[in-house]
Amino acid sequence: MKTTTSKKVLIDASKIMTEALVQSGADVFVGYPITPSNLFYSYSKERFPEFLAGPDEISVLQWMAGYAAAGKLPVTATSFPGLALMTESLNMAFMMELPMVIVLVQRLGPSTGSATTGAQGDLKFLEGVISGGFSLPIFSPSNFNDAWTLSREAVKTAIKFRTPVVILTSKEMVMTQKSFDINSLEKLKKVDRTPKDFEPPYQPYKAGKDMVPTFYPLGNKQYQVRLNSSTHAADGLIHKGSPESMQNTIRLRDKLNLRVDEFSFYELDAEDGAKDLIVSWGITADTARDAIKNLRASNKKVSLLIVKTILPVPQAIYDIIDSYETVTFAEENLTGQYKQLLVGKRTSSKYKMVNKFGSMIEPSEIEKMVNFK
Amino acid sequence: MEAEKILTKAKMPFCPGCGHIVNTRSITKALQDLGYGTKDVVMVSDIGCSGLVDPLFASHTIHGLHGRSPALGVGVALGLNNSKKKVIVIQGDGGATIGLQHILEASRRNIDLTLVVFNNLLFGMTGGQVSGLSTNHFKDYKQSADNAEPYDIVSLAHKAGAAFSIRVNDMKHFNEVLKEAIGTPGFSLVEMTSLCTSYSMKKMSEFQYYTVDEERLVNDRRIGFTRVRKTKSLFKNIDGLSAQFPSNYKNRIGVVIAGSAGGGVQSAAVMLAQAGMLAGLHVSMKGEYPITVGTGFSVAEVILSKEKIHFTGLEKPNVMLVVTDDGWNKVSARVSEEATVFVDAKIRVNHSSKTRDFVKVAGKKGAALSAVSHWLKESGIFPVEALEKVVENHKYAEALLSAIRSAERL
């Protein structure tokens, strides 16, 4: 429910997201400091019911997995170098089907790059971060309102689908302060974690039609729980090469890909009669909002698609881009990572790219590309 | 009532004669002797031959990554936060080597769990390669060229703070040692020497020659814990900044404030942004400074706009307020003909900037705020009183007000 009086404050998205995560029921923040994610660390120290300073990023993800296995909802925030260290453990958490939220604050790479410069360069890494190319749910906020709602959706999706979820953002989103009416934000409730019904006997990885097994934590008095990072069957034990265990792994793909409509978020600002579409995400989306306003002011018919569920790709995204004659992808990287994700590396007259490295894309740069024939 | 059996009837997955068989039986027996039921125990396993134990335990089990199981166990133990539950972690000597940091961290924090290291001096699953726990006698036997002494993980864990750490080579003592370790509150480590019949000696009597002497170390320490707290909303203590000053400004203006670390540049920018909000404008503010925040330049960008701000970039600033050489060196390339530029009189510039004695009238710490105040007065974008209003309840209100008012002397 929205409150009626406004409360305008000067605030950054790190604070908005931290508050939203806790209100949604996140229990513990496990952190290792890394720029530009440090505001999450300091706000979480103040706000999370439980806070732990990990000694390194591998430990961070392992501790989070332990907490999640014990029934808690853990959160961390990092940037590329941290995520690189977390990668094997992230695969483990995915395989064990443990809910958790990882906020990835992109900064300029490769390698340690420039820690205090924003970027949108980690999408392709995330696309392949799970061996086998399985998709994790990846959300990317385009403004402060998204920062709030997508944090809630991240917690919800992590619990509902028993999976790690990544919120993919950038330095410019989480370290820039803006005037913002915090009373315009919907009050959030803790996501319900009551174990759903199952057909007895309980097995930790036995799933029904919804493809997601019922979760009981380690240490519970009712049912034996076996969690496993290696290829396993419904009983949580290794049965190398058995059809049942292979099917269990295939289910990890299907539970997210076949149900992506339940967590598909995007914003289509469609102009009647427009043949050109601008597509953007994350920190460049707000630039695209300005560009579209300017283009329309000069009587250009153009539509805007802002993608918020980055992976798995919702079918609706393909349907939208298929219905336009030209599609301009605007993102702050040199290689057009989201464009590649949707339509590959191959160039075509239909697809245009606005890319930049080391500073934010300006509205005029998008406008020029859309106007260019 | 008969104790629940922790050991299942599953077939032992190990080679005939493998030490892991005795080790596993000893752990399950110790747990039963201590009265633990199957649902009271969480068994955390690693990778390697020792990682095959899950089906042998009728307890809860979790099978993780190579070397990381002590860290996973720490998460489970802290997450459960229940002294009636027992977390047992099992790993081999290879796992203890690659994950040494996790053992030290669990020891340092004295987390309530028992780590049992099945030390057969080698990597059994990958062909008998030596590990960081392989002794030099054993490496000679394996014709391995290096002569580095093995890690003494019992001593390392002890020095890092483990409540109890022990090495035991004689299987007759396995049960009593495990009971003592499991019964110790806090972090306990048991290194058990075990045979690998495929890649090392077949008999324990031969094997003993290659092992490190037994050792038992104790620290009297409090169990590690984390606090679970009730916390308040991060939004609770932020002041609302509703419009209370007039502004006739209709457009968007980008202001760059540049100076040196410690000179109040970032806080002056925040105050300008907040004052803009009191004048009913939309604002954004971002800072830029070197990684070493205490030295070098400090630059802040503030956008003030009648319209809602989407794009927060500022390639061409409309206004630049520069108070030190550090700041000028960082931002001078961004100066354009159209920009209004105020620089401190002491900065040498080749530019038609307006020079003012900001540092002279307000000191090093007040110069940036003085410059903001001066520009507000000159531009008339909104009244300087909005800036004064922002600082009136500040801890250092007097000094800040003095910096703002110093602009009158420019």
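Residues numbered from 1 in each chain as written. Chains lettered and ligands numbered in written order. Predicted model: local features only at pLDDT ≥ 70, side-chain atom pairs only at ≥ 80, totals over all residues. Heavy atoms only, no water.

Caption draft 1: Main features of the domain arrangement of chain A. All names here are of chain A. Taken domain by domain, chain A consists of domain 1 (8–184) and domain 2 (265–371). Listed by partner, the interface residues are 29 residues for domain 1 and 25 residues for domain 2. Of the roughly 2,200 Å² buried between domain 1 and domain 2, counting both surfaces, carbon and sulfur atoms make up 60%. Across the salt bridge formed by K308 and D146, the nearest N and O atoms sit 3.0 Å from each other. Put simply, domain 1 and domain 2 have 14 residue pairs in polar contact (both at pLDDT 80 or more) between them. Breaking the side of domain 1 that touches domain 2 down by element, the ones donating at least two residues are β5 (100–108), β6 (114–118), α5 (123–127), β7 (138–139), α6 (144–160), β8 (164–170) and α7 (171–174). Along the lines of polarity and charge, the residues of the side of domain 1 that touches domain 2 split into eleven nonpolar, eleven polar and seven charged. (Domains from an automatic or database assignment. Contact = heavy atoms within 4.5 Å. Buried area = accessible area lost by both parts, 1.4 Å probe. Salt bridge = Lys/Arg side-chain N within 4 Å of Asp/Glu carboxyl O. Polar contact = N/O pair within 3.5 Å; in protein donor to acceptor, adjacent residues only side chain to side chain. Helix = DSSP H or I, 4+ residues; strand = E, 2+ residues; numbered from the N terminus. Nonpolar A, V, L, I, M, F, W, Y, C, P; charged D, E, K, R; others polar.)

Caption draft 2: Here's a closer look at the layout of surface pockets. Its volume calculated, the largest pocket comes out at about 720 Å³. Looking at the lining of the largest pocket, the elements with two or more residues in it are β1 (8–12) and α2 (38–47) of chain A together with α9 (265–278), β11 (282–288) and α12 (384–391) of chain B. Top element by residues in the lining of the largest pocket is α9 of chain B. It accounts for six residues. For the lining of the largest pocket, a count of residues per class yields twelve nonpolar, eleven polar and nine charged. (1 Å grid on protein atoms, 1.4 Å probe; cavity = no way out; pocket = protein on both sides within 12 Å on 5 of 7 lines; lining within 4 Å. Points joined across faces, edges and corners; volume = space filled by probe spheres on them.)

Caption draft 3: The arrangement of helix α1 (residues 13–23) of chain A in detail. Residue and element names in this part refer to chain A. When you tally the buried positions in α1, you get eleven out of eleven residues, the bulk of the element. Those residues of α1 not exposed but buried are A13, S14, K15, I16, M17, T18, E19, A20, L21, V22 and Q23. Where α1 begins, the capping side chain belongs to D12, and its oxygen is found 3.1 Å from the backbone nitrogen of S14. At the C-terminal side of α1, G25 shows a positive phi close to 115 degrees. (Buried < 20%, exposed > 50% of the residue type's maximum accessible area, 1.4 Å probe, protein only.)

Caption draft 4: Fine view of the sheet that holds strand β10 (residues 226–228) of chain A. Read from one edge to the other, the open sheet built from eight strands follows the order β10(A)-β2(B)-β1(B)-β3(B)-β4(B)-β8(B)-β7(B)-β9(B), with strand pairing classed as mixed. Where the open sheet ends on each side, the last strands, each with one partner, are β10 of chain A together with β9 (215–218) of chain B. If you compare each strand with its neighbour and ignore which way they point, the axes differ by 10 degrees on average. As defined by bridge partners, strand β7 (residues 164–168) of chain B adjoins strand β8 (residues 187–193) of chain B across five bridges and the pair is classed as parallel. Residue F164 of chain B lies in a different strand from β8 of chain B, and its bridge partner there is S188 of chain B. Strands β1 (41–45), β3 (86–92), β4 (113–119) and β8 of chain B of the sheet are contacted by helix α1 (residues 19–33) of chain B, whose axis makes an angle of about 160 degrees with β4 of chain B. Strands in contact with helix α2 (residues 69–80) of chain B are β1, β2 (60–63), β3 and β4 of chain B; relative to β3 of chain B, the strand with the most contacts, it is inclined by about 175 degrees. (Pairing = 2+ DSSP bridges. Axes fitted to C-alpha atoms, helices over the stretch in contact; angles between N-to-C directions.)

Caption draft 5: Up close: the sheet that holds β11 of chain B. The mixed open sheet is built from eight strands, whose spatial order is β1(A)-β9(A)-β11(B)-β12(B)-β10(B)-β13(B)-β14(B)-β15(B). Taken across any chain shown, the strands that pair with only one partner, and hence form the sheet edges, are β1 of chain A together with β15 (354–356) of chain B. This sheet shows a mean twist of 20 degrees between the axes of neighbouring strands, independent of strand direction. Looking at chain direction, strand β10 (residues 252–260) of chain B and strand β12 (residues 297–305) of chain B are connected through nine bridges and run antiparallel. Residue pairing in the sheet places G254 of chain B in a bridge with I303 of chain B of β12 of chain B.

Caption draft 6: Structural context of the domain arrangement of chain B. Each assigned domain of chain B is listed with its residue range as follows: domain 1 (19–218) and domain 2 (252–409). Between the C-alpha centres of domain 1 of chain B and domain 2 of chain B there is a distance of 60 Å.

Caption draft 7: Empty space enclosed by the protein, seen in detail. Here the structure, examined in full by the defined rule, presents one cavity of 30 Å³ or more. Computed from the structure, the largest cavity encloses a volume of approximately 40 Å³. The wall of the largest cavity is formed by T116, K171 and M175 of chain A together with G287, E288 and Y289 of chain B. Here the residues of the lining of the largest cavity are counted per class, giving two nonpolar, two polar and two charged.

Caption draft 8: Layout of the pairing of β3 of chain B. Residues and elements named next belong to chain B. In terms of burial, β3 is a largely internal element, seven of the seven residues being buried. The side-chain alternation of β3 yields two buried faces, one formed by K86, I88, I90 and G92 and the other by V87, V89 and Q91. Bridge analysis of β1 against β3 gives five bridges, and the strand direction is parallel. What sits directly across from V44, in β3, is V89. As defined by bridge partners, β3 adjoins β4 across five bridges and the pair is classed as parallel. Note that in β4 the partner of I88 across the bridge is T114.

Caption draft 9: Looking closely at the pattern of salt bridges. Within this structure, the stated rule accounts for 42 salt bridges over all chains. Between E186 of chain A and R152 of chain A there is a salt bridge, with the nearest N and O atoms lying 4.0 Å from each other. Of this pair, E186 of chain A sits in the loop between β9 (177–181) and β10 while R152 of chain A sits in helix α6, placing them 34 residues apart in sequence. Residue R152 of chain A is classed as buried on the basis of its relative accessible area of 17%. In this structure, the salt-bridge partner of E388 of chain B is R405 of chain B, at a minimum N-O distance of 3.3 Å. Of this pair, E388 of chain B sits in helix α12 while R405 of chain B is found in helix α13 (residues 397–406), placing the two residues 17 residues apart along the sequence.

Caption draft 10: A look at α12 of chain B. All names here are of chain B. With six of eight residues buried, α12 lies mostly within the body of the structure. Residues V384, A386, L387, E388, V390 and V391 constitute the buried set of α12. Contacts made by the buried residues of α12 are with α9, α11 (358–379) and α13.

Caption draft 11: Expanded view of the interface of chain B and chain A. The interface is formed by 65 residues belonging to chain B together with 75 residues belonging to chain A. When the two sides are added together, the surface that chain B and chain A hide from each other amounts to roughly 5,600 Å², 59% of it contributed by carbon and sulfur. Three residues, L234, F235 and F311 of chain B, lead the burial of chain B against chain A; their summed loss comes to 14% of the area buried on that side. The interface formed by chain B and chain A contains three salt bridges. Counting across the chain B and chain A interface gives 36 residue pairs in polar contact (both at pLDDT 80 or more). Secondary-structure elements contributing two or more residues to the side of chain B that touches chain A are β2, α2, α4 (100–109), α9 and β11 of chain B. Sorting elements by how many residues they give to the side of chain B that touches chain A places α2 of chain B first, with eight residues.

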